Amino acid sequence: MSDDQPGPRTEYKLETDSELRFEMENGNDKVTVTLLNGHAELYGTELVMKKPYEFGVGAKVAIFTYHGCTIELRGKPDVAYVARETPMVQYLNCNSALEHLRTKAEEDDVRGPVAMVVGPMDVGKSTLCRIFLNYAVRLGRRPIYVDLDVGQGGIAIPGTIGALLVERPAPVAEGFSQQAPLVYHFGHTNPSENDVFYDALITKLAETTLERLQANKRAKHSGMIINTCGWVKQGGYHHILHAAKEFEVNAIFVLDQERLYNELLRDVASKTVQVVYLPKSGGVVKRTRSQRAEARDNRIREYFYGSKMPLYPHSFDVKFSDVKIFKVGSPVLPDSCLPLGMKKEDNFTKLVAVQPSMQLLHHILAVSFAESIEENVIQSNVAGFICVTDVNMEKEVLTILSPQPRPLPQTILLVSDLQFMDSH
Ligand SMILES: Nc1ncnc2c1ncn2[C@@H]1O[C@H](COP(=O)(O)OP(=O)(O)OP(=O)(O)O)[C@@H](O)[C@H]1O
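Residues numbered from 1 in each chain as written. Predicted model: local features only at pLDDT ≥ 70, side-chain atom pairs only at ≥ 80, totals over all residues.

(A) Main features of the packing of helix H3 (residues 195-215) against helix H5 (residues 234-246). It is at 9 Å that the axes of H3 and H5 come closest, and there the two elements cross at 20°. It follows that H3 is roughly parallel to H5 by the angle criterion. Crossing geometry of H3 relative to H5 is assigned as right-handed. Contacts between H3 and H5 pair Asp 195, Tyr 198, Asp 199, Ile 202, Thr 203 and Ala 206 from the former with Gly 235, His 239, His 242, Ala 243 and Glu 246 from the latter. (Axes fitted to C-alpha atoms, helices over the stretch in contact; angles between N-to-C directions. Helix = DSSP H or I, 4+ residues; strand = E, 2+ residues; numbered from the N terminus. Parallel < 35°, antiparallel > 145°, perpendicular 65-115°, else oblique. Left-handed = near helix turned anticlockwise from the far one by under 90°. Contact = placed C-beta atoms within 7 Å.)

Here you go:
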């Protein structure tokens, strides 16, 4: 029990199909939650009876129960209340439909459902993906999670897209285990910064993950859950259509926007693609621009320093001459200035050499798996990320922060727009 935990203690008795929501906005406060009786889950992960779970600043949490429970909350969250209106039963029904398709896929030994979650910003897309994935693994499935949201970078860091085989439910206070994810560098937090490159990465990620599904029987029958960006108009809508086509999706769950739902019914729905409208949960909280920026920063800090389990990154020098630094995309030239045979779009996916300079300071660099520039560097996945913490132009060395000790595993580095101030 949590008697040794500081802070006021409140007990909540939850009825069938209700949830306890709380938010932690300020300071270094911590809240501890303990399930005292009944059954409860956090975004699809079951809580263990009598085990205290700790949540820190920034947490926005909903503990849901299908059959009723008692929860003890220790500490002072900014808000805490019980909500009886939640869309969880609808989400559960959608999961049952996916499970039905998985069983059918297993019987026929074909690919299981590829489901995509779409909707505007702050409607709970990532949370719904997490719920679907947790329910799937609790039923013994091994789905692939694909995250196309470059704004948050749920699988690696912001500015990337990636995929991950999910083998166990996400721990209550963290995301899914990050072992060997497949990650591609985009370098911006908004697809509109380079639509052509973003589409090219979606195509590549779809090709690779669909291949991987075929290689692993359990994953093949389990299918995929795809999270998307909150940009759903104009170019954003085009990217949704592109992803639906490339990943050969069978189901699209549209959260909270009838307009988007109707557009997808018109443009994508068919015998093989179901489009389903779902309401958002009243608990999903809108984030301000600065909260989003802070969340991004935290995500990068976590990459280098860990969250629950502290990580100890390394700092070392790299000679300018030992690495080749590039960015993707060059300024667009008018048609008349393009070399013969080159299309305007090619500029967006062109590899442009970057000379080391002070401008690299604090930037994140992706370490590409490509061994030479003869390879398709822009569509190669990445081994990891480093951050430039110092540039010495005289000695011609970069000081970098790296999750691994020297030497760097590869020498081709791709510059990201993202910056990180290492204040440790
Ligand atoms: N039922 C709920 N009660 C309380 N908080 C919730 C609930 N569902 C989700 N949240 C919280 O709301 C926040 C936003 O949810 P989420 O990240 O899933 O939205 P999103 O649509 O994926 O956002 P984005 O626009 O960044 O893609 C998260 O911090 C999440 O923990």
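(B) Spatial organisation of the pairing of strand S18 (residues 324-328). Pairing of S18 with strand S23 (residues 412-419) involves three bridges; the strand directions are parallel. Directly across from Lys 324, in S23, lies its bridge partner Ile 412. One ladder, built from three bridges, connects S18 with strand S19 (residues 351-353); its direction is antiparallel. Across the sheet, residue Lys 327 finds its bridge partner in S19, namely Val 352. (Pairing = 2+ DSSP bridges.)

(C) Seen up close, H3. The end-to-end C-alpha distance of H3 is 30 Å, a good match for the 30 Å that 21 residues give at a rise of 1.5 Å each. Turning to H3, its buried residues are Phe 197, Tyr 198, Asp 199, Ala 200, Leu 201, Ile 202, Leu 205, Ala 206, Thr 209 and Leu 213. (Expected span 1.5 Å × (residues − 1). Buried ≥ 20, exposed ≤ 12 C-beta atoms within 10 Å, placed from the backbone.)

(D) Looking closely at the sheet that holds strand S4 (residues 41-42). An order of S5-S4-S7-S2-S9 is seen for the five strands of this open sheet, with the pairing classed as antiparallel. Of all the strands in the sheet, just strand S5 (45-46) and strand S9 (79-83) have a single pairing partner and so form its edges. In this sheet, strand S7 (residues 60-65) lies alongside strand S2 (residues 18-23) in antiparallel orientation, the contact comprising six bridges. For Ser 18, the partnering residue across the bridge sits in S7 and is Thr 65.

(E) How the structure looks around the sheet that holds strand S16 (residues 274-278). Here seven strands make up an open sheet; going across it, the order is S13-S12-S11-S14-S10-S15-S16 and the pairing mixed. The open sheet has two edge strands, strand S13 (182-185) and S16, and neither has a second partner. Neighbouring strand axes in the sheet, compared pairwise and without regard to direction, differ in orientation by 15° on average. In the sheet, strand S15 (residues 251-255) pairs with S16 via five bridges, with the strands oriented parallel. In the strand pairing of S16, Ala 251 is matched with Gln 274. Contacts from helix H6 (residues 258-267) reach strand S10 (114-118), S15 and S16, with the element oriented near 170° to S16.

(F) Examining the domain arrangement of the protein more closely. Once the domains are mapped, the protein shows domain 1 (9-85), domain 2 (87-278) and domain 3 (313-419). Summarising the inter-unit geometry, the C-alpha centres of domain 1 and domain 3 are found 44 Å apart. (Domains from an automatic or database assignment.)

(G) Up close: the site of the ligand. Within the structure, the ligand sits among 18 residues, and Ala 62, Met 121, Ser 126, Thr 127 and Gly 283 are positioned closest to it. Per-element tally for the shell around the ligand: the top contributor is helix H2 (residues 125-138), with three residues. Tallied by class, residues from the shell around the ligand come to five nonpolar, eight polar and five charged. When we break the shell around the ligand down by domain, the ones giving at least three residues each are domain 1 (9-85) and domain 2 (87-278). (Near = placed C-beta within 6 Å. Nonpolar A, V, L, I, M, F, W, Y, C, P; charged D, E, K, R; others polar.)

(H) Spatial organisation of the UniProt feature "binding site: ATP" (unreviewed entry) in the protein. In the numbering adopted here, UniProt assigns the feature "binding site: ATP" (unreviewed entry) to Glu 19, Lys 60, Asp 122, Val 123, Gly 124, Lys 125, Ser 126 and Thr 127. The partly exposed category is assigned to Asp 122, around which 15 C-beta atoms lie within 10 Å. When near neighbours in sequence (up to four residues on either side) are disregarded, Asp 122 contacts Gly 230, Val 284, Lys 286 and Arg 287. When you line up the elements, Thr 127 lands in helix H2. Accessibility expressed as a C-beta count within 10 Å gives 21 for Thr 127, which makes it buried. (UniProt positions renumbered as here; feature names shortened; annotations may be inferred.)

(I) Representation of the packing of helix H1 (residues 88-108) against H2 in the model. The geometry of H1 relative to H2 is characterised by a closest axis approach of 10 Å and an angle of 50° between their N-to-C directions. As far as their axial angle goes, H2 and H1 are oblique. When you trace H1 past H2, the crossing you get is right-handed. Facing H1, whose interface residues are Tyr 91, Asn 95 and Leu 98, H2 presents Leu 128, Ile 131, Phe 132 and Tyr 135. Looking at the contact of H1 with H2, its residues break down into six nonpolar, one polar and no charged.

(J) How the structure looks around H5. Taking 1.5 Å as the rise per residue, H5 with 13 residues should run 18 Å; its terminal C-alpha atoms sit 19 Å apart, in good agreement. When we look at burial in H5, the residues that qualify are His 239, Ile 240, Ala 243 and Ala 244. Projected down its long axis, H5 shows its buried positions confined to an angular sector of 135°, all on one face. Close packing links the buried residues of H5 with S10, H3, strand S14 (224-227) and S15. Two residues or fewer after H5 comes Glu 248, characterised by a positive phi angle close to 50°. (Arc of directions from axis to C-beta.)

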